[in-house]
Amino acid sequence: MATASPPLAPGRKAKDIISAARESLAKMIGGKPQDIIFTSGGTESNNLVIRSVLRHFRQVHTSEGATPHFVTCTVEHDSIRLPLEHLVEEQVAAVTFVPVSTVNGQAEADDILAAVRPATCLVTVMLANNETGIIMPIPELSRRVAALNQQRAASGLPAVLLHTDAAQALGKRRVDVRDLGVDFLTIVGHKFYGPRIGALYVRGLGERTPLYPMLFGGGQERSFRPGTENTPMIAGLGKAAELVMENCEAYEAHMRAIRDYLEERLVAEFGKKKIHFNSQFPGTERLCNTCNFSFGGPQLQGRLVLARCRTLTASVGAACHTDRGDLPSPVLLSCGIPVDVARNALRLSVGRSTTRAEVDLVVQDLKQAVALLEGRA
């Protein structure tokens, strides 16, 4: 496969493929192609945002000695939480982790804004949580941050930038950066049936919003993310974005219907007293594919149930996190779920091709697993 830089026919073709993919990604999120940078995935994109904002703050405040401050929430993915904690450990930044509401599972705009300080440089809140599916109020937050930035400008304070990790939401609902009003948005391919690479949207890249490279090399991606482009993976990412643009509403409707059917079958088989749905907060929107629930009973820990399932493949929390043993999910605990309930949690995700017949098989599989653990089989 030719690289996208040489002035030869194969190189020009590779460059055209990358440009077309960039265009498709931009259309999927309502942005501009020139504001899209390809990355290796969500972890790199999130780290790139954090490191860029940190460097920009240092350049703006060269003589003031101020410590940059970040605001995020307690249910973020590890690729946000751990880099921020690392900055604190290095004593180069301060971070406020705002608790989510135990009433609705959301990071509420009032709480986020209350955490902002004069030295705050970035607010980063995910668009949808990967364990509960809860949708965060990003449009409201962006309006509030924009209003706050007008006041800060009048006081001579720098603007607060806004980032959202949209990994979990893409492909399951329409995502439009014009509605969200964010400065940065993280894109992860495999979350919407694309290859395991990613991208980063930066509003007004290099002009309105700063971005600094973490790597230095051949100048690809306008030197914001150098390194020979993975053209086949980028092409796949572009195709996945096209499919989302064409079919998002159909995907969403199908997954919601199947997820709702799954929850109905769980209640029908086990009863309301046996099942606790961990992300059904009144009045709060959640992703169409996510069902997080717990069985009641001290012997029905999520890992034990899964170990006795014959056909079900699922997780007890975020599938990409390292093994936490029998510890309950910090995300569920942050949402106010009791420890004994959180320890028993299972997260089931339905997909574009999941059928009701498959749901029936899964529910029966869970039924025999629970019976085994309770000594009834």
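Calculation notes
- Residues numbered from 1 in each chain as written.
- Predicted model: local features only at pLDDT ≥ 70, side-chain atom pairs only at ≥ 80, totals over all residues.
- Heavy atoms only, no water.
- Core = buried A, V, L, I, M, F, W, Y, C linked by side-chain atoms within 4.5 Å.
- Buried < 20%, exposed > 50% of the residue type's maximum accessible area, 1.4 Å probe, protein only.
- Contact = heavy atoms within 4.5 Å.
- Salt bridge = Lys/Arg side-chain N within 4 Å of Asp/Glu carboxyl O.
- Helix = DSSP H or I, 4+ residues; strand = E, 2+ residues; numbered from the N terminus.
- Axes fitted to C-alpha atoms, helices over the stretch in contact; angles between N-to-C directions.
- Left-handed = near helix turned anticlockwise from the far one by under 90°.
- Nonpolar A, V, L, I, M, F, W, Y, C, P; charged D, E, K, R; others polar.

Colleague: Got a minute to help me understand the nonpolar core in this structure?
Modeller: Most often, soluble globular proteins have nonpolar side chains that are buried together. With 61 residues, the main nonpolar core has Leu 25, Leu 185, Ile 187 and Phe 192 as its most contacted residues. Leave out the neighbours within four places in its chain, and Ile 187 touches Leu 25, Met 28, Ile 29, Ile 36, Leu 170, Phe 192, Gly 198 and Ala 199. With 28 residues, the next largest nonpolar core counts Met 255, Ile 275, Cys 288 and Cys 291 among its residues.

Colleague: What is the right way to read the pattern of salt bridges from this model?
Modeller: Two side chains carrying opposite charge are able to pair once their charged atoms lie near each other. If you walk through the whole model with that rule in mind, you get 18 salt bridges. Put simply, Glu 249 and Arg 174 hold a salt bridge, and the shortest N to O gap is 2.8 Å. With Glu 249 in helix α7 (residues 231-270) and Arg 174 in the loop between β5 (161-165) and α6 (177-180), this residue pair connects regions lying 75 residues apart in the sequence. Of the charged contacts, one joins Arg 259 and Asp 260 as a salt bridge, the two residues approaching to 3.0 Å between their closest N and O atoms. When its relative accessible area of 3% is taken as the criterion, Arg 259 is described as buried. Classification of Asp 260 by relative accessible area gives partly exposed; the value is 28%.

Colleague: Please clarify how the packing of helix α2 (residues 42-60) against helix α3 (residues 78-89) should be interpreted in this entry.
Modeller: Axis angle and axis distance: for two packed helices, these are the angle between their axes and the distance between the axes, and together they describe the pair. The contact between α2 and α3 brings their axes to 9 Å, and the two run at 35°. Here the hand of the crossing between α2 and α3 comes out right-handed. Across the interface between the two elements, Gly 42, Thr 43, Asn 46, Asn 47, Ile 50, Arg 51 and Leu 54 of α2 pack against Ser 79, Ile 80, Pro 83, Leu 84, His 86 and Leu 87 of α3. Along the lines of polarity and charge, the residues of the contact of α2 with α3 split into six nonpolar, six polar and one charged.

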